[in-house]
Structures are given as C-alpha cells and as structure tokens.
Amino acid sequence: MLKDNRRAKGLIGLVAIGAFIALVVGCTPSHAQSTFDALGPVAKSQLDLFWITFWVGLVVFILVEGAILYIAFRYKRKPDDSADPAQTHGSTRLEIIWTVIPAILLLVVAVPTVQTVFANLNTPAPPPGEVVERIEAIGHQWWFEFRYPEHGVVTANELHIPVDTIVEFKLKSVDVIHSFWVPKLGGKVDMVPNNENSMWLQANEPGLYFGQCAEFCGVSHANMRFKVVAESREDYDAWLLAQAANAVVPIDPLVQEGMDLFGAPEAGCTQCHTIQGNRSARGRVGPDLSHVASRRHLAAGIMDNTGVAFANQSVVPDVNVSILQDNLRAWITDPESIKSGNIMSRDAAVYNGTLPELTDRQISALVAYLTTLK
Ligand code: CUA
C-alpha cells in the first residue's frame, strides 16, 4: 500500500516535470505559430500586453504562494501543541488592504488592455500618400475564403498582403463561428455568421506566415488553416493581376477532357466551385479554383504543394508541380481520408453514393485540368 502510494507520487512528479518542459519548449519564438515572435505592430501590441499581464500575475503568484507556504510551515501544529489556537474573526484593516491592492493591480492590467483592444479594432490612418488594403475573410467549414473587392480577386486559404502596409479585414462566416488568427501578425477575432467583425494587420517583413482557425468549429477545426504571403508592393500587384485574370482555356486533349468533365453532371464540380471565365462554374459552396495551382497548399493548409519544410520565415517556396498533382489526386480520390467531415465528401454525388465514383481516367483528367489553373 505504502509502496503503491510512493509509486503514484513518483508518477505524478514525472508527469508534472514533463508537462513543465513541454510548456516551456512551446514558448520558442522560432515555431511557425509562436506569438513570441511578433512581426507586425498588432502582434507586437498584443505581446506587450501579454508581458504586462504576465509580470503582474507572476508577482501576485510569488507573494500569495510565498505567504501560504510561510504560514503553513511557520504555524504548523507541533507535537506538544494541545489546544486549538485562539480563533479570530474579521479585521477591517485586512479587508480594506486585500480589496484595495487587487483593485490597483486590476487597474494596472485593465488600462493597457482596453487601449490595446481599441487600437487593434480600429484601423489607423495610413501614412500620407498610402492607402489601406481592404480584404474580406470569410470562414467556411473548414477553409478560409479571401475576397479583394477593390481588385476583383477571390481566392482561398492563401492570403497575399503587401508588406509594410495597413490591411483592414472584414471578417464573416457562412456557417458557424470561426476565428481569424495569424500568430506572428495578430488575431484572434471571431468570424461570426450575420455579424461582421473587423480588424487590421500589418507585416513588417516579407515572408510566409501561418494562420489558423482559433475557435472550435467542428470535427476538422484543427485542419482549418491558411497561409499568408507578405510580399513587396510590386510582387503583390503582380499577384493581383494574375489572380484577377480568367482561368486559362486548355489545348492539351487530356486537360480539355478534364475541363469538360469538371462542368459535366457526372462529376458535379461546378455546383460548388467557381472558375473565372467558365460560365458554368459559379458555385460558392467550395473554394474558388480559378488559380488553385498557384497555391502552396491544398485542403486549407494541410497538404503542402512545395515539398519545402517551413524553415525560414522569409523564404516563400514555389509550388512543385508533381507534388501538387499527387495532392490533387489524393484529395479528389478520397477527400474524407484527408479532411474528416468535409462538405465535398458529404454532399458531392460522386462521394456520397448518389452517382458512380470517379474512374482513374476521370481523376487523371481532372488533375491535369486543375494543374493548369495557375
Ligand atoms: Cu473554423 Cu475552427
């Protein structure tokens, strides 16, 4: 019995040490989703606020725990203590002290908190001669849609922003509550159905940033991710131009076959997907695929199309066509095995048994077609 007790205590100690190490290691700024590596003014203001709260909390923790330990050891019952100690009740002076001190501490935390909340919420005026970029970010189960209304661009899961520029976001959702978060740039603001929220971000350095839905939104919440490419104004303008253009019309026979199949009833793709320039493809349930082959990830940030491990923030890898094709094939063959609960495998007739499954030949044609949509 005694031995069991000792073993249990040892186990609890080990778990506690393991948890502590995991917690501390999690704080490394080099992690792609670390908030300790603030690379924009919004993330910086949120990090500053964290440190204020952290230090105030640490001082309170040390003082309170110190007092508890001191009292517990200093006044613990000794073998020759016979009677209970004298019982006291009520002390006006103590009551006032322990009301006033926390009130002051709360004020110390509350003033910068309220300031930061409003500073993050209200887009600041841009420097003279510059404009604010405006983007709509729309949450779907489980992917992100990005619309650039001033440029006629619609994309999904890969957000492009110009570096050193204030970017204002209108945040919406078409189904449940999601949350928009780019740990190194700022967040998290909820994307609420029928209630538009707004926030702003700015990236100080060009590079690739990780984004993530930060509000539990169903079984594939953890698979609802996106990437942010922060780039020079020239690169950004070039990207906008390319994205605003209509999708290419194929000449290769297999690609042509894929395009025809994409719009045909036996595949049913066009009911949910848009392809600019293709009149029959105007669905808005799934991502706009006009330039899907230009994106560095598939399936909302979970299938990497570059083959380059995220090593350096400032390096934005290019799409590797053969990896992209493998990913497209895997996704079209069995989306459910990649993203559990996704709407395509639930509602599309070729996946839910209403229509015959796609053949290998049909999948190859679709992959060939989608690969051309750069
Ligand atoms: Cu969307 Cu979690």
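Worth saying up front: this structure is predicted, and the values here are computed from it rather than measured. (Residues numbered from 1 in each chain as written. Predicted model: local features only at pLDDT ≥ 70, side-chain atom pairs only at ≥ 80, totals over all residues. Heavy atoms only, no water.)

Participant: Is there a simple way to explain the packing of helix H6 (residues 321–333) against helix H10 (residues 360–371) in this structure?
Facilitator: Packed helix pairs are characterised by how far apart their axes lie and by the angle those axes make with each other. Put simply, H6 and H10 touch, their axes get as near as 9 Å, and they point 135 degrees apart. It follows that H6 is oblique to H10 by the angle criterion. In terms of crossing hand, the pair formed by H6 and H10 is right-handed. Facing H6, whose interface residues are Val321, Leu324, Gln325, Leu328, Arg329, Ile332 and Thr333, H10 presents Asp360, Ile363, Ser364, Leu366, Val367, Leu370 and Thr371. Taken together, the residues that form the contact of H6 with H10 break down as 8 nonpolar, 4 polar and 2 charged. (Axes fitted to C-alpha atoms, helices over the stretch in contact; angles between N-to-C directions. Helix = DSSP H or I, 4+ residues; strand = E, 2+ residues; numbered from the N terminus. Parallel < 35°, antiparallel > 145°, perpendicular 65-115°, else oblique. Left-handed = near helix turned anticlockwise from the far one by under 90°. Contact = heavy atoms within 4.5 Å. Nonpolar A, V, L, I, M, F, W, Y, C, P; charged D, E, K, R; others polar.)

Participant: I'm lost on the packing of helix H5 (residues 253–262) against H10 in this one. Help?
Facilitator: Look at H5 against H10: their axes get within 7 Å of each other, and the N-to-C directions meet at 100 degrees. Comparing the axis directions of H5 and H10 gives the class roughly perpendicular. For the pair H5 and H10, the contacting residues are Leu254, Val255, Glu257, Gly258, Met259, Leu261 and Phe262 in the first and Arg361, Gln362, Ser364, Ala365, Leu366, Ala368, Tyr369 and Leu370 in the second. Of the residues assigned to the contact of H5 with H10, the class counts are 10 nonpolar, 3 polar and 2 charged.

Participant: Which parts of the structure should I look at to understand the sheet that holds strand E2 (residues 143–148)?
Facilitator: Taken in spatial order, the 5 strands line up as E3-E2-E1-E5-E8 in an open sheet, and their pairing is mixed. Where the open sheet ends on each side, the last strands, each with one partner, are strand E3 (153–156) and strand E8 (197–201). For this sheet, the mean angle separating the axes of adjacent strands, direction not counted, is 25 degrees. Bridge analysis of strand E1 (residues 133–140) against E2 gives 5 bridges, and the strand direction is antiparallel. Within E2, the residue paired with Ala137 across the bridge is Phe146. Across the sheet, helix H4 (residues 233–244) touches E1, E2 and E3, and the angle it forms with E3 is around 95 degrees. (Pairing = 2+ DSSP bridges.)

Participant: Is there a simple way to explain the nonpolar core in this structure?
Facilitator: Taken as a class, soluble globular proteins show a tendency for nonpolar side chains to be buried jointly. Core analysis: the biggest nonpolar cluster contains 36 residues, and Phe146, Tyr148, Leu159, Ile161, Phe169, Phe180 and Leu185 have the highest contact counts within it. When residues no more than four places from it in sequence are discounted, the contact partners of Tyr148 are Arg134, Ile135, Val153, Thr155, Leu159, His160, Tyr236, Trp239 and Leu240. Grouped together as the second largest cluster of nonpolar side chains are 28 residues, Ala267, Cys269, Ile275 and Leu358 included. (Core = buried A, V, L, I, M, F, W, Y, C linked by side-chain atoms within 4.5 Å. Buried < 20%, exposed > 50% of the residue type's maximum accessible area, 1.4 Å probe, protein only.)

Participant: When you look at a nonpolar patch on the surface in this model, what are you seeing that I'm missing?
Facilitator: A cluster of nonpolar residues, Ile17, Phe20, Ile21, Leu23, Val24 and Val25, forms a patch on the protein surface that exposes about 630 Å² of accessible area. When you line up the elements, Leu23 lands in helix H1 (residues 2–25). (Patch = residues over 30% accessible without salt bridge, like charges linked within 9 Å, V, L, I, M, F, W, Y side chains within 5 Å. Areas by Shrake-Rupley, 256 points an atom, 1.4 Å probe, with all protein chains shown as cover. Salt bridge = Lys/Arg side-chain N within 4 Å of Asp/Glu carboxyl O.)

Participant: Would you take a moment to explain the pattern of salt bridges for this structure?
Facilitator: Under the definition given, this model contains 15 salt bridges. Taking the shortest distance from any N to any O, the salt bridge between Asp48 and Lys44 comes out at 3.2 Å. Placement of both Asp48 and Lys44 in helix H2 (residues 41–74) is noted, with a separation of 4 residues, approximately one turn of the helix. The salt bridge partner of Lys170 is Glu168, with a shortest N-O separation of 3.8 Å. Taking the relative accessible area as the measure of exposure, Lys170 reaches 28% and is therefore partly exposed. Here the salt bridges share partners, and the residues they tie into one network are Arg134, Glu150, Glu168 and Lys170.

Participant: Which parts of the structure should I look at to understand the sheet that holds strand E7 (residues 186–191)?
Facilitator: In any sheet, the strands associate via hydrogen bonds between backbone groups, in a parallel or an antiparallel arrangement. Pairing within the open sheet is mixed, and its 5 strands lie in the order E4-E10-E9-E6-E7. Only two strands of the sheet have a single partner each, and these edge strands are strand E4 (158–162) and E7. Direction aside, neighbouring strands of the sheet carry axes that sit 20 degrees apart on average. Pairing of strand E6 (residues 178–182) with E7 involves 5 bridges; the strand directions are antiparallel. Its bridge partner being in E7, Trp181 is matched across the sheet by Gly187.

Participant: Help me out: how do you make sense of the side chain of His273 in this one?
Facilitator: Here His273 is to be found in the loop between H5 and strand E11 (297–298). Note on His273: relative accessible area 11%, which makes it buried. Separated by 2.8 Å, the side chain of His273 and the backbone oxygen of Pro287 make a polar contact. Discounting residues that sit within four places of it in the chain, His273 has contacts with Phe262, Ala281, Arg282, Gly283, Gly286, Pro287, Leu289 and Met344. (Polar contact = N/O pair within 3.5 Å; in protein donor to acceptor, adjacent residues only side chain to side chain.)

Participant: Looking at this structure, how should I read helix H3 (residues 92–121)?
Facilitator: Side chains three or four residues apart in an α-helix point the same way, a direct result of the helix having 3.6 residues per turn. The end-to-end C-alpha separation of H3 is 43 Å, in line with the 44 Å expected for 30 residues at 1.5 Å each. Buried within H3 are the following residues: Val109, Pro112, Thr116 and Asn120. In the core, the buried residues of H3 are packed alongside H2 and E8. (Expected span 1.5 Å × (residues − 1).)

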